[in-house]
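So the chains spell out like this:
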Amino acid sequence: MATTAETVPAPATRTVRTPVSTLRQMLRLTRVEFTLFYRYRMALYIAVLPLVFLFPALSMPEGENAVGVDNGAHYLASVFILTAMTVGIIHMPNVYAARRESMLLKRFRASGVAPVAMFGATTLSVLGVVIALSAVITGVLAAHFGESPHAPVLLLFTTTLSTVLMCLFGLAFTRLARNAESAQIITMAPFLVLLAISGALVPVEMMPDRVADVLSLLPMLPAVDIVRSAYFGLDLFSGPEQATAATGLELWVAAAPSLLVLLAWTGIAAYLVRYFRWDPRQGK
Amino acid sequence: MSTAEQTPPTTTAISVRDLRQSYGDFEAVAGISFDVAPGELFALLGTNGAGKTTTIETLEGFRRPTGGSVRIFGTDPFGRPAALRERMDAVLQHSGHFPELTVAETIDLSRDLAADPMDGEEVLELIGLTDKAKVAIRQLSGGQKRRLDLGLAVLSRPEVLFLDEPTTGMDPEARRSTWDIIADLVEQGAAVLLTTHYLEEAERLADRLAIMHKGEVRIEGTLRDVVVGWGDRIAFLLPADVRSADLPELPGATSEVELRGEEAWATYTVRGDDTESRAHHAMAALVAWAQTCGLTLRRLEMRSASLEDVFLSVADGAADLVSG
Ligand SMILES: Nc1ncnc2c1ncn2[C@@H]1O[C@H](COP(=O)(O)OP(=O)(O)O)[C@@H](O)[C@H]1O
Ligand SMILES: [Mg+2]
C-alpha cells in the first residue's frame, strides 16, 4: 500500500498542555446548568413543581401525632426528600434524553469532556435547586409550625445524598426514553412508585409490619426517617412508639443503618449509570 | 534528530488495521485498513451507509471494534483515555448544542473545557459568526450551526481531527472558507480524517483518499492514483455507416457503443501502465484509422477521469473492474 507516512515530519513538539481537570470541567458546566435552569422553561417548571407538596401540610387538621409532633410538620419534613426525588427523577431524564437526541452528549465526549463532569454538573445544579427549595420548606416549618431543625448537618447530608441518588436513578432511567417527550411519560412510573414507597403520604404506621420492613430497605423511607429524626431531634428509627429524644452523635448513630441503605442504593444506581446510552442510533 | 527527551517520533497519527464493525448480524465495516500521518488529510468517500461514520466513531472511541484494531498515536481510543482527550477533536455528522445559549456563550464554554484554546474572538472571526455572537443557537441556520461545529472542534487546536461531512448545509462561500480553515490546520501539522459527499472538497483537500462501498475500501490512493486507474476516455458519434464490429482496436483500450439519448456513441476506455502517453497513442491510432476509412469523427472528445467518474463506478459496483 502506498503511504506517505515516512516522508512527513513528526508533529512539531508543542508546549505541554495541562489538561483541564474533570473537577474544573464539572464546575464550569454547573454554571451553564444554572443558566439553563432559568432559560429552559421546562426545567424551571420542574424546579418549582415540588412546591405543590407544601399544600397538604397547610390543610392538614391540627393536632399532634404519636411522637408529639404536629401532623402537618411531621408530613412537611418528608418533603425535603420528596423534593430531591421529584427534581432528580424528572429533570435528569428530561434533559439527558434531549441532549442525547440532539447529539450534544456525543459532541462533548468527542471534544474531551469526561462523562463524570457532565453528570456531576447536572447533579450539582439539581442539588442547588433542591437546597433552595429546602430553604423554603424550612421557612414554612419555622414560620407556620414554629419548628427549626435540630440536626441541620444530618438533614443537609441526607437531603444531598438523596438528591445524588435520585439523579443517578434519573440517569439510569434515561436509557428507556427516546426523547424529551417520552422521558416525561416514562419518568411518571418511577415518580409515582417512589412517592408511594416514601411513607410520606401514607404513614407507615398504617401499613402492615411486613410492608413497613420492606419499605425501610428501599431508597425512600430510610431517607424520610432520617430527615424527620434530624429535623425534630427524635430517634424515630424504631417506630413512633419507641421514639426518644436524641441529639448530635446519638442521632447519627441511630441513623447509621438507614444511611447505609441509602449508600447501598447509591452504589446500585451508580452501577446502573454504566449502561447509560450515548447514541440515539444505538439499539432500540 | 530524535533525542532521548523527545517523544518517539510518530509517523502515523491515525492507524486502522483490518477494522470490522458489526451491528448485530449486519457487518457495517468489513475489514478496512488505512493510515493518516500528521500534516496529512485523508478523505473517506463512499455511498450512503458505506460505513464511514461507523469507522470514524470507532476512531473517536465510541465503539469497540468487533475485529481488527484502531490506534491514535499508538493508543487505543476506546473509552477515550485521558492521554488522547486533549489531542483529538471532531465535527460529528450530527452535532448538538444547548439551544438556549448564545453563540459566544457556546464558544466560551468550549474554550473553558479545553486546555490552551484559541481566543474567542479569533474563533468567531474564523467561522464568520462575529455578528451572530449574541444570537441564541436555536436561531441559527443549518449552515451557521455547521460553521459553529467546526469552530468548536478547532478551538482546542487538536492534533487529530475527525470531520464527518463538515460542510453539509453550507452555502458555497462558507464551504470555500471552511476549506481554507481545514487546509491551514493540515499545514500546521494536524492529521485530518474527512468524509464528504462533495467530491470537489476531496479533490481540493485530500492528500490521499479511499472510496468505501458496503463496508469495504474499494479504491485507495492519491487523487492521481485513483483517477489514473479508471482510465482515459475517448468518445465520438458513431458514424452512420460504421457498425460496432467495424470499430478499430486501439492500443491499451477497450471499446463500447453506448446510447446518449437518441445518439449512438463509440467510447474507448484507455488503460495501460504508461499513464503519461497512453491517451496519445490511442488517439493517434484512432485518427489514423479514420483517415484510412475517409471518415471525419464528429464531436470527438477525449478526457481523463474525474473523481466523480470513479465514485460513480464504485457506487455501481463496477469498481472491481477498475481497481484490479
Ligand atoms: N446503531 C446502528 N444500529 C444498526 N445499524 C446501524 C447503526 N449505525 C449504522 N448502522 C448501519 O450501518 C451502515 C453504515 O452506517 P454509517 O457508518 O452511518 O454509514 P455512512 O456514514 O457511510 O453513511 C448503514 O447501513 C447503517 O444503516
Ligand atoms: Mg455518515
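Preceding this paragraph is the structure being described.
Residues numbered from 1 in each chain as written. Chains lettered and ligands numbered in written order. Predicted model: local features only at pLDDT ≥ 70, side-chain atom pairs only at ≥ 80, totals over all residues. Heavy atoms only, no water.

With respect to the packing of helix α8 (residues 223-230) of chain B against helix α10 (residues 307-315) of chain B
Residue and element names in this part refer to chain B.
Right, so step 1: Between α8 and α10, the least distance of the axes is 9 Å, while the angle of their chain directions is 65°. With respect to α10, the axis of α8 lies roughly perpendicular. You can see that α8 and α10 cross each other, and the crossing is left-handed. In contact with Leu223, Val226, Val227 and Trp230 of α8, α10 contributes Leu307, Asp309, Val310 and Ser313. (Axes fitted to C-alpha atoms, helices over the stretch in contact; angles between N-to-C directions. Helix = DSSP H or I, 4+ residues; strand = E, 2+ residues; numbered from the N terminus. Parallel < 35°, antiparallel > 145°, perpendicular 65-115°, else oblique. Left-handed = near helix turned anticlockwise from the far one by under 90°. Contact = heavy atoms within 4.5 Å.)

Let's talk about the interface of chain B and chain A
Right, so step 1: Taken together, the contacts link 49 residues of chain B with 40 residues of chain A.
Right, so step 2: Both sides of the chain B and chain A interface together cover about 3900 Å² of buried area, and 57% of this is carbon and sulfur.
Right, so step 3: In terms of surface lost to chain A, no three residues of chain B exceed Phe98, Glu100 and Leu113 of chain B, which account for 17% of the buried area on that side.
Right, so step 4: One can count four salt bridges joining chain B with chain A.
Right, so step 5: Across the salt bridge formed by Arg63 of chain B and Asp279 of chain A, the nearest N and O atoms sit 2.9 Å from each other.
Right, so step 6: Those elements giving two or more residues to the side of chain B that touches chain A turn out to be β2 (26-36), α1 (52-59), β5 (88-91) and α3 (103-113) of chain B.
Right, so step 7: At seven residues, α3 of chain B tops the list of elements feeding residues into the side of chain B that touches chain A. (Buried area = accessible area lost by both parts, 1.4 Å probe. Salt bridge = Lys/Arg side-chain N within 4 Å of Asp/Glu carboxyl O.)

Quick word on the site of ligand 1
Right, so step 1: The immediate surroundings of ligand 1 are formed by 13 residues, with Gly49, Gly51, Lys52, Thr53 and Thr54 of chain B found nearest.
Right, so step 2: Positioned at a junction of chains, ligand 1 has nearby residues supplied by chains A and B.
Right, so step 3: Contact between ligand 1 and Gly51 of chain B: an oxygen atom at 2.9 Å from a main-chain N or O atom of the residue.
Right, so step 4: At 2.7 Å, a side-chain N or O of Thr53 of chain B approaches an oxygen atom of ligand 1.
Right, so step 5: Relative to its unbound accessible surface of 560 Å², ligand 1 loses 76% to contact with the protein.
Right, so step 6: For the shell around ligand 1, the elements supplying multiple residues, two or more each, are β2 and α1 of chain B.
Right, so step 7: By residue number, the principal contributor to the shell around ligand 1 is α1 of chain B, which donates three residues.
Right, so step 8: Split into classes, the residues belonging to the shell around ligand 1 amount to four nonpolar, seven polar and two charged. (Near = heavy atom within 4 Å. Polar contact = N/O pair within 3.5 Å; in protein donor to acceptor, adjacent residues only side chain to side chain. Areas by Shrake-Rupley, 256 points an atom, 1.4 Å probe, with all protein chains shown as cover. Nonpolar A, V, L, I, M, F, W, Y, C, P; charged D, E, K, R; others polar.)

As for the pairing of strand β3 (residues 41-46) of chain B
Moving residue by residue along a regular strand, the side chains alternate between the two faces of the sheet.
Residues and elements named next belong to chain B.
Right, so step 1: Of all six residues in β3, six are buried, a share of seventy percent or more.
Right, so step 2: Burial of β3 is two-sided: the residues Leu41, Ala43 and Leu45 facing one way and the residues Phe42, Leu44 and Gly46 facing the other way are all buried.
Right, so step 3: Pairing of β3 with strand β7 (residues 191-195), which is carried by four bridges, proceeds in the parallel orientation. The residue of β7 that forms the bridge with Leu41 is Val192.
Right, so step 4: As defined by bridge partners, β3 adjoins strand β8 (residues 208-213) across five bridges and the pair is classed as parallel. Considered in β8, the bridge of Gly46 is made with Met212. (Buried < 20%, exposed > 50% of the residue type's maximum accessible area, 1.4 Å probe, protein only. Pairing = 2+ DSSP bridges.)

Brief notes about the sheet that holds strand β11 (residues 253-260) of chain B
Residues and elements named next belong to chain B.
Right, so step 1: If you walk across this open sheet you meet the four strands as β11-β12-β10-β13, and the pairing is antiparallel. Unpaired on one side and paired on the other, β11 and β13 (301-304) mark the two borders of the sheet. Between one strand axis and the next, the sheet turns by 25° as a mean value, whatever way the strands run.
Right, so step 2: Taken together, the eight bridges between β11 and strand β12 (residues 263-270) define a ladder with antiparallel strand orientation. From the neighbouring strand, Thr254 faces β12, where its bridge partner is Thr269.

Examining the coordination of the magnesium ion (ligand 2)
Residue and element names in this part refer to chain B.
Right, so step 1: Around the magnesium ion (ligand 2), the protein contributes the donor atoms Thr53 (OG1) and Gln93 (OE1), at 2.0 to 2.3 Å from the metal centre. Placement of Thr53 in helix α1 and of Gln93 in the loop between β5 and α3 is noted, with a sequence separation of 40 residues between them.
Right, so step 2: Classification of Gln93 by relative accessible area gives partly exposed; the value is 27%. (Donors = N, O, S within 2.8 Å, 3.2 Å for Na, K, Ca; no water.)

A look at helix α9 (residues 278-293) of chain B
Residues and elements named next belong to chain B.
Right, so step 1: In a regular helix each residue adds 1.5 Å, so 16 residues correspond to 22 Å; α9 covers 23 Å between its end C-alpha atoms and thus fits that length.
Right, so step 2: If you check which residues of α9 are buried, you get Arg278, Ala279, Ala282, Met283, Leu286, Trp289 and Ala290. The arc that holds the buried residues of α9, viewed along the axis, is 125°, so those residues lie on one side. Set apart from the buried face of α9 by more than 90 degrees, the exposed residues are His280, Gln291 and Thr292.
Right, so step 3: Residues of α9 that are buried sit in contact with α8, β10 (232-237), β12 and β13.
Right, so step 4: Once α9 ends, the next one or two residues include Gly294, with phi positive near 70°. (Expected span 1.5 Å × (residues − 1). Arc of directions from axis to C-beta.)

Points about a nonpolar patch on the surface
Residues and elements named next belong to chain A.
Right, so step 1: A contiguous nonpolar patch, built from Val153, Phe157, Leu249, Trp252 and Val253 and spanning about 510 Å² of accessible area, is present on the exposed surface.
Right, so step 2: When residues of the nonpolar patch are traced back to their parent elements, those giving at least two are α7 (152-174) and α12 (248-273).
Right, so step 3: Per-element tally for the nonpolar patch: the top contributor is α12, with three residues.
Right, so step 4: Tracing the backbone shows Phe157 in helix α7.
Right, so step 5: The exposure class of Phe157 is partly exposed, given its relative accessible area of 38%. (Patch = residues over 30% accessible without salt bridge, like charges linked within 9 Å, V, L, I, M, F, W, Y side chains within 5 Å.)

Re the side chain of His213 of chain B
All names here are of chain B.
Right, so step 1: Structurally, His213 is set in strand β8.
Right, so step 2: For His213, a relative accessible area of 9% corresponds to the buried category.
Right, so step 3: Side chain to side chain, His213 and Thr47 meet in a polar contact 3.0 Å long.

Description of the sheet that holds β3 of chain B
Neighbouring strands of a sheet are bound in pairs by backbone hydrogen bonds; such pairs are parallel or else antiparallel.
Residues and elements named next belong to chain B.
Right, so step 1: Sheet architecture is open: six strands sit in the order β5-β6-β7-β3-β8-β9, paired in mixed fashion. The outermost strands of the open sheet, each flanked by one partner alone, are β5 and β9 (216-221). Taking the axes of each pair of neighbouring strands and ignoring which way they run, one obtains an average angle of 15° across the sheet.
Right, so step 2: Where β8 and β9 come together, five bridges link them in antiparallel fashion. Looking at the pairing, Ala210 lines up with Glu220 of β9.

Remarks on the nonpolar core
Burial of nonpolar side chains together is a common tendency in soluble globular proteins.
Right, so step 1: Of all hydrophobic cores here, the largest spans 88 residues; its most connected members are Leu29, Tyr96, Phe108 and Met118 of chain A.
Right, so step 2: With 16 residues, the single largest contributor to this core is helix α4 (residues 71-101) of chain A.
Right, so step 3: Setting aside residues up to four positions removed in sequence, Tyr96 of chain A forms contacts with Leu105, Met118, Phe119, Thr122, Leu171, Thr174 and Phe276 of chain A.
Right, so step 4: Listed in part, the 46 residues of the second largest apolar core include Ile107, Met118, Ile219 and Val314 of chain B. (Core = buried A, V, L, I, M, F, W, Y, C linked by side-chain atoms within 4.5 Å.)

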